[in-house]
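Residue strings, one per chain:
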Amino acid sequence: MTPALVDSHCHLDFPDFDGEHDALIARAAKAGVTRMVTICTKLRLEPQVRALAEKYDPVFYAAGTHPMSAADEPLATYDVLVALADHPKFVGIGETGLDYHYTSDSAQIQKDSLRIHIAAARDTKLPLIIHARAADDDMARILTEEYANGAFSCVMHCFSSSPELATTALDLGFYLSMSGIAAFPKSTALRDIFAAAPRDRILVETDSPYLAPPPHRGKRNEPSYTAHTARIAAEAFGIDYADFAAQTTANFDRLFWKAA
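Model, not experiment: these values are computed from the prediction. (Residues numbered from 1 in each chain as written. Predicted model: local features only at pLDDT ≥ 70, side-chain atom pairs only at ≥ 80, totals over all residues. Heavy atoms only, no water.)

(A) Local environment of the overall build of the protein. Helix and strand counts for the protein come out as 10 helices and eight strands. Principal-axis analysis of the C-alpha atoms places the extent of the protein at approximately 45 × 40 × 30 Å. A total of 260 residues make up the protein; the buried ones form 60% of that total. Within the protein, contacts between residues at least 6 apart in sequence are counted, and of these 73% link residues at least 24 apart. Accessible surface, the protein: about 10,500 Å² in total, of which carbon and sulfur atoms supply 53%. When the 24 positive and 34 negative side-chain charges of the protein are each reduced to one mean point, those points stand 4 Å apart. (Helix = DSSP H or I, 4+ residues; strand = E, 2+ residues; numbered from the N terminus. Buried < 20%, exposed > 50% of the residue type's maximum accessible area, 1.4 Å probe, protein only. Contact = heavy atoms within 4.5 Å. Areas by Shrake-Rupley, 256 points an atom, 1.4 Å probe, with all protein chains shown as cover. Lys, Arg positive; Asp, Glu negative; His and termini not counted. Charge placed at Lys NZ, Arg CZ, Asp CG, Glu CD.)

Below you can see the structure in the form of structure tokens.
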């Protein structure tokens, strides 16, 4: 039996996958990836992302406004995000967050958007899905401030930030998600961050179509490749692959409770 895995973050609505969803999901199942969460990054596209979740049993979805789009899209509202949570296959809020690498000029609207998403996650009890790049100090401060205002659950998606941000997130009870970046040969320091984290707080993902792990690096990523990242992670942690798969699946079920 192939150990079961979950791709906790992918983008199946992106044009890279047009016309391929049947084959894509079949390849994922063959690799042991039995469920996946497809992420809507612009709320106006939510209907087409929802349609994928409604069509395919293994697919669940989340929605929010990506920080790199925060200045170009209408500001997400608390009411809209909370209303989306009524759908049985809507399992998370986001992705949201801060990205100062390309879009530092929109920092303030990113912060405003992030706080709206946090409020929705807090009140729906659904996990917040965070994108953080080149904004560690502001991200740590806002997450800490908002958690003090009321608890919420959260995953730091595609985590590749500093050990300090990892510590802040873990101290708040949040989860860290490993993408293909963690499987790159030169990502030893990043793997060390994950290895130091509680094992019951780690997820795996593809962020496909981006960030394909070896041996597919540089090519289009897809949910089936979650298995490649998971195998490298299991080796780095010195544990059996089946045990790592079981642990990350249990972690997913605990955080993304509606998809359990």
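Still more ground to cover, so stick around.
(B) Main features of the pairing of strand β7 (residues 175-178). Going residue by residue along β7, you find Tyr-175 and Ser-177 tucked away on one face and Leu-176 and Met-178 tucked away on the opposite face as well. Taken together, the two bridges between strand β6 (residues 154-156) and β7 define a ladder with parallel strand orientation. Bridged to Val-155 within β7 is Tyr-175. Note on the crossover from β6 through helix α7 (residues 163-171) to β7: the handedness is right-handed. Running through helix α8 (residues 188-196), the crossover from β7 to the neighbouring parallel element strand β8 (residues 202-204) is right-handed. (Pairing = 2+ DSSP bridges. Right-handed = clockwise from strand over helix to strand, strands pointing away.)

(C) Focus on the state of the cysteines. Tallied over the full model, the rule gives zero disulfides. There is no disulfide at Cys-40, and the cysteine sulfur nearest it, in Cys-10, is 13 Å away. In this structure Cys-154 is not part of a disulfide, and its nearest cysteine sulfur, from Cys-158, lies 14 Å away. (Disulfide = S-S within 2.5 Å.)

(D) Examining the side chain of Ser-187 more closely. Here Ser-187 is to be found in the loop between β7 and α8. Ser-187 sits in the buried class, given a relative accessible area of 12%. Excluding its chain neighbours within four sequence positions, the residues that come into contact with Ser-187 are Ile-181 and Ala-182.

(E) The arrangement of the packing of aromatic side chains in detail. On inspection of all chains with the given rule, the structure shows eight aromatic pairs. Geometrically, the ring pair formed by Tyr-61 and Phe-90 is edge-to-face, given 5.1 Å between the ring centres and 80° between the ring planes. Here Tyr-61, found in strand β3 (residues 59-63), pairs with Phe-90, found in strand β4 (residues 90-99); they are 29 residues apart in sequence, far enough to count as distant. On the accessibility criterion, Tyr-61 (0% relative accessible area) is buried. Residue class for Phe-90 comes out buried when judged on its relative accessible area of 0%. (Phe/Tyr/Trp six-rings, centres within 6.5 Å; stacked < 30°, edge-to-face > 60°.)

(F) Just the side chain of Asn-251, in detail. Inspection of the secondary structure assignment puts Asn-251 in helix α10 (residues 241-255). When its relative accessible area of 0% is taken as the criterion, Asn-251 is described as buried. When residues no more than four places from it in sequence are discounted, the contact partners of Asn-251 are Tyr-175, Arg-199, Asp-200, Arg-201, Ile-202 and Leu-203.

(G) Region of interest: the pattern of salt bridges. Evaluated as defined, the whole model comprises 15 salt bridges. The closest approach of N and O atoms between Glu-146 and Arg-122, which form a salt bridge, is 3.0 Å. Note that Glu-146 is positioned in helix α6 (residues 136-148) and Arg-122 in helix α5 (residues 107-124), a separation of 24 residues in sequence. Neither Glu-146 nor Arg-122 differs from the other in exposure class; each is buried. (Salt bridge = Lys/Arg side-chain N within 4 Å of Asp/Glu carboxyl O.)

(H) Quick peek at the sheet that holds β7. Ordered in space as β1-β2-β3-β4-β5-β6-β7-β8, the eight strands form an open sheet in which the pairing is parallel. Each end of this open sheet is capped by a strand with a single partner; those strands are β1 (5-10) and β8. Across the sheet, the mean angle separating the axes of adjacent strands is 30° when strand polarity is ignored. In this sheet, strand β2 (residues 33-40) lies alongside β1 in parallel orientation, the contact comprising four bridges. (Axes fitted to C-alpha atoms, helices over the stretch in contact; angles between N-to-C directions.)

(I) Quick look at unusual backbone geometry. With an omega dihedral of 20°, the bond running from Ser-208 to Pro-209 counts as a cis peptide bond. On the secondary structure map, Pro-209 appears in the loop between β8 and α9 (226-237). That bond from Pro-214 to Pro-215 is cis: its omega, 5°, falls within 30 degrees of zero. Residue position: Pro-215 is located in the loop between β8 and α9. Residues other than glycine seldom take positive phi values, yet Lys-125 does so here, at roughly 65°. Counting through the fold element by element, Lys-125 comes out in the loop between α5 and β5 (128-133). On the basis of relative accessibility, which here comes to 56%, the residue Lys-125 falls in the exposed class. At Ala-134, a residue that is not glycine, the phi angle is positive and equals roughly 55°.

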